[in-house]
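Given next are the chains, with one letter for each unit.
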Amino acid sequence: MTAPADTLAEISAGLRAPRAWVSPKYFYDSLGSRLFEAICELPEYYPTRTEASIVARHGAEMTKAMGPDCTLIDLGAGNCAKAAALFPLLHPARYVAIDISSDFLQASIAPLRQKFPGIDMTALAMDFSEQLVLPEQVPSARRLFFYPGSSIGNFTPAQAVGLLRRMRAQCDDDGAILIGIDLAKDSAVLDSAYDDELGVTAAFNLNLLRHLNRLIGANFNVRQWRHQGFYNAQEGRVEMHLEAREALQVAWQGGERSFAAGESIHTENSYKYTVPVFAGLLEQSGFSVATVWTDPRQWFAIIYARALRP
Ligand SMILES: C[S@@+](CC[C@H](N)C(=O)[O-])C[C@H]1O[C@@H](n2cnc3c(N)ncnc32)[C@H](O)[C@@H]1O
């Protein structure tokens, strides 16, 4: 596989930066998508389970807020399981599943087409981190953006506002968003959620190097790297890094770099919010919070927000 020129340029710039970084969107080749599914099964990884418990308890209210026959747009749909859990309550007219991991997305949506023949389904392979433009055949009325799993936490607050604004620009005044937010909590819970005992999160993080080897012709040796996942209290985010176990050299199409032992590549941020702070970001982006649902421990929130008229 060869990456398009802009992908190569983006990854090269990150790898060459004094503090090297790679966007978390490159975790997701087909194996990365399956490893993420495995993470969701881990006892330490509370977000998926907690979010599902909120949907199990309040799903009827969530879907009533939007009403039937909307166009449900699932950003970073992954295995599409969370949207599929809403179908029997929401009765959307259309389902548009968007993901950068295109083979995995196609394989995930196929059984849903059989199971829910009354819903018009489209799978779009797209990177929405810089641009979000839906094809003309997706009606602009009654669009409901669904962004679960606290994936918005992968963006800095300023970038999150940029993405939320792109969603607002892609819906009419009757549009809305249903979004999952991971809430600030005890750092020990966060540390173990992102550095589990079995090392599944480590495998997910390290798999990024294998993906880069294919994508940009790099020569990363996975065994020379170590996973790190921890809460950074000052920044209010979990960070994942890959740390060089020894001094090493890496080369890729058109570039190379040396890493000293202990030097690392920053691979993910996962910002943790309070509801008022996130509501502020929604409002800056042209959405007004209508309802917030949380779990009894207040570990996770699902927010329904309506498009504000400009
Ligand atoms: C953390 S997983 C969440 C999957 C699922 N929505 C859930 O909540 O369990 C993030 C998903 O978003 C996709 N993704 C990440 N960055 C993306 C981007 N920039 N554009 C499109 N999809 C992206 C990944 O491939 C992955 O399926």
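Chemist: Any details on the side chain of Asp 29? Residues and values, ideally.
Modeler: On the secondary structure map, Asp 29 appears in the loop between helix H1 (5-16) and helix H2 (30-41). Under the relative-accessibility criterion, Asp 29 is labelled buried at 8%. Side-chain polar atoms of Asp 29 contact the side chain of Arg 214, separated by 2.8 Å. Ignoring anything within four residues of it in the chain, the contact list for Asp 29 reads Ser 101, Asn 207, His 211 and Arg 214.

Chemist: Residues and numbers for the sheet that holds strand E1 (residues 71-75), please.
Modeler: Spatial strand order, E3-E2-E1-E4-E5-E12-E11: seven strands in an open sheet with mixed pairing. Each edge of the open sheet is held by one strand with a lone partner, namely strand E3 (120-125) and strand E11 (287-294). Averaged over all neighbouring strand pairs, the angle between strand axes comes to 20 degrees, with direction disregarded. Judged from the seven bridges that link them, E11 and strand E12 (residues 300-307) form a sheet pairing that is antiparallel. The partner of Thr 291 across the bridge, within E12, is Tyr 304. Of the strands in this sheet, strand E4 (143-147), strand E5 (176-182), E11 and E12 touch helix H3 (residues 46-66), which is tilted by about 35 degrees from E12. Contacts between helix H5 (residues 102-115) and the sheet are confined to strand E2 (94-99) and E3, with E3 contributing the most and set at about 175 degrees to the helix.

Chemist: Could you give me a rundown of the site of the ligand, with the residues and numbers involved?
Modeler: Gly 76, Lys 82, Asp 99, Met 126 and Asp 127 are the nearest of the 17 residues found near the ligand. Contacts to the ligand include Lys 82, whose side-chain N or O atom sits 2.8 Å from an oxygen atom. The separation between an oxygen atom of the ligand and a polar side-chain atom of Asp 99 is 2.5 Å. Burial of the ligand by the protein chains amounts to 91% of its free accessible area of 580 Å². Built from parts of two domains, the shell around the ligand gets at least three residues from each of domain 1 (5-43 + 188-271) and domain 2 (46-185 + 272-307).

Chemist: Explain the domain arrangement of the chain to me, and be specific about the residues and the numbers.
Modeler: You can read the domains of the chain as domain 1 (5-43 + 188-271) and domain 2 (46-185 + 272-307). Each of domain 1 and domain 2 has a C-alpha centre, and the two are 26 Å apart. Taken together, the contacts link 24 residues of domain 1 with 20 residues of domain 2. Here domain 1 meets domain 2 over a buried area of about 1800 Å², counting both sides, of which 53% is carbon and sulfur. Linking domain 1 with domain 2 are one salt bridge. Here Asp 127 makes a salt bridge to Lys 25, at a shortest N to O gap of 2.8 Å. Every element with two or more residues in the side of domain 1 that touches domain 2 is listed here: H2, helix H7 (187-193), strand E7 (237-244) and strand E10 (264-271). Looking at the side of domain 1 that touches domain 2, the element that brings in the most residues is H2, giving six residues.

So, how was this worked out
Residues numbered from 1 in each chain as written. Predicted model: local features only at pLDDT ≥ 70, side-chain atom pairs only at ≥ 80, totals over all residues. Heavy atoms only, no water. Helix = DSSP H or I, 4+ residues; strand = E, 2+ residues; numbered from the N terminus. Buried < 20%, exposed > 50% of the residue type's maximum accessible area, 1.4 Å probe, protein only. Polar contact = N/O pair within 3.5 Å; in protein donor to acceptor, adjacent residues only side chain to side chain. Contact = heavy atoms within 4.5 Å. Pairing = 2+ DSSP bridges. Axes fitted to C-alpha atoms, helices over the stretch in contact; angles between N-to-C directions. Near = heavy atom within 4 Å. Areas by Shrake-Rupley, 256 points an atom, 1.4 Å probe, with all protein chains shown as cover. Domains from an automatic or database assignment. Buried area = accessible area lost by both parts, 1.4 Å probe. Salt bridge = Lys/Arg side-chain N within 4 Å of Asp/Glu carboxyl O.

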